[in-house]
Amino acid sequence: MQDILSVFPDREVEEIIREASKIMLEADNHRMRVEKKDGAANFVTEYDVKVQRFLEEKFTALLPGCGFLAEEEGENENPLGDGYTFIIDPIDGTTNFMFGRRASCISVGVFYNRQALYGAVYDPYADRFYSAKAGQGAYLNGERIFTADRDPSVGIAYIGSAPYYREKTGRIIAETTYEILMHFGDIRRLGSAALEICSIASGEADVYCEPILSPWDHAAAGLILKEAGGIVTDYHGDPLGYNGPSSVLAATKASYDTAQNLLKGMV
Ligand code: IPD
Ligand code: CA
């Protein structure tokens, strides 16, 4: 893996992501074309598609033959392959984006022969570029970041609540909210799983959990959090896969056990 990393063009990948983010920044929130996907309040805008196409074209030119597993355009069931696979969420936090709430990001996880190699999550509104290479630590705008070491009783926990699956998950989320509130300091919700997980990596929060989450929402942020000293598994404590949605628990080492004990029976 370290051999591949020594030739992996991370600077070029960062430049491409920063360039793609201009499509988000220049978007007209009041006039965008929006389509509905499966499930309640599940949307795709013309900009999600434009950002994804831009990234795929540039990454293909940079690393010919690479594969894609991506949220839009029917690429959401592709398997990880040999060589490079990019797992892309062109806009994580699409509802925020549609409403002009400045809390969305581009998320790009890079796998080599099915192993996580590199992750990047870019919030263009705050100009925060989170990145990590396997085994080499996590960074925010080039500065090394680490998780916090707070006691769970004062920690902040995010509870993901995607409405797409609410018939299945509504009661689980309600019960989770009660349990988390009883054991942690407080609850937050940004509306972008990738940014929520990255904020744990930079020490600003302690736990993120969501009963059903897709691979493009956690692929990059999961590597970033692990490289910052955190733990990412499903609610049962098993490693996450990339073949479909699963429950996701992301936490600091100090908060993981408390959260996992509360969540293990929920799904
Ligand atoms: C969603 C966001 C949200 C999470 C959902 C995701 P999208 O991604 O990350 O915070 O709760 O599960 O699907 O649809 O905005 O890319
Ligand atoms: Ca998205």
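Cut-offs used in this document
- Residues numbered from 1 in each chain as written.
- Chains lettered and ligands numbered in written order.
- Predicted model: local features only at pLDDT ≥ 70, side-chain atom pairs only at ≥ 80, totals over all residues.
- Heavy atoms only, no water.
- Donors = N, O, S within 2.8 Å, 3.2 Å for Na, K, Ca; no water.
- Buried < 20%, exposed > 50% of the residue type's maximum accessible area, 1.4 Å probe, protein only.
- Salt bridge = Lys/Arg side-chain N within 4 Å of Asp/Glu carboxyl O.
- Helix = DSSP H or I, 4+ residues; strand = E, 2+ residues; numbered from the N terminus.
- Pairing = 2+ DSSP bridges.
- Axes fitted to C-alpha atoms, helices over the stretch in contact; angles between N-to-C directions.
- Parallel < 35°, antiparallel > 145°, perpendicular 65-115°, else oblique.
- Contact = heavy atoms within 4.5 Å.
- Nonpolar A, V, L, I, M, F, W, Y, C, P; charged D, E, K, R; others polar.
- Expected span 1.5 Å × (residues − 1).
- Bend = angle between axes of the 7 residues up to and from the residue.

Caption draft 1: Looking closely at the coordination of the calcium ion (ligand 2). Donor atoms from the polypeptide that bind the calcium ion (ligand 2) are E71 (OE), D89 (OD), D89 (OD) and I91 (O), placed at 2.1 to 3.0 Å. Counting gaps between the donor residues of the calcium ion (ligand 2) yields the pattern E-x17-D-x1-I. The exposure class assigned to I91 is buried, which follows from its relative accessible area of 1%.

Caption draft 2: View of the pattern of salt bridges. Applying the stated criterion to the full structure yields 13 salt bridges. The partner of D10 in a salt bridge is K133, with the nearest N and O atoms 3.4 Å apart. On the criterion of sequence distance, the pair formed by D10 in helix α2 (residues 10-25) and K133 in strand β7 (residues 128-133) is long-range, its members being 123 residues apart. Its relative accessible area of 22% is what places D10 among the partly exposed residues. For R53, the salt bridge identified is with E73, shortest N-O distance 2.8 Å. Here the residue R53 occupies a position in helix α3 (residues 46-62), and E73 occupies one in the loop between β3 (67-70) and β4 (84-92), the gap between them amounting to 20 residues. Taken together, the shared-partner salt bridges connect E14, R18 and D127 into one network.

Caption draft 3: Molecular detail of the sheet that holds strand β12 (residues 207-213). Strands sit in the order β11-β10-β12-β14-β13 across an open sheet of five strands; the sheet is mixed. Of all strands in the sheet, those bounded by a partner on one side alone are β11 (186-188) and β13 (231-233). Across the sheet, the mean angle separating the axes of adjacent strands is 20° when strand polarity is ignored. Judged from the three bridges that link them, strand β10 (residues 156-159) and β12 form a sheet pairing that is parallel. The partner of Y158 across the bridge, within β12, is Y208.

Caption draft 4: Up close: the packing of helix α6 (residues 193-201) against helix α7 (residues 215-227). Packing of α6 against α7 leaves a shortest axis separation of 9 Å and a crossing angle of 5°. Classified by the angle between their axes, α6 and α7 sit roughly parallel to one another. Seen from α6, the contacting residues are A193, A194, I197, C198, I200 and A201; seen from α7, they are D217, H218, A221, G222, I224 and L225. A per-class count over the contact of α6 with α7 returns nine nonpolar, two polar and one charged.

Caption draft 5: Seen up close, α7. Between its terminal C-alpha atoms α7 stretches 18 Å, which fits the 18 Å expected from 13 residues at 1.5 Å a residue. Remark: the principal bend of α7, roughly 30°, maps to A221. Burial within α7 is extensive, with twelve of its 13 residues counted as buried. For α7, the set of buried residues is P215, W216, D217, H218, A219, A220, A221, G222, L223, I224, L225 and E227. Immediately beyond the C-terminal end of α7, within one or two residues, lies G229, with a positive phi of roughly 110°.

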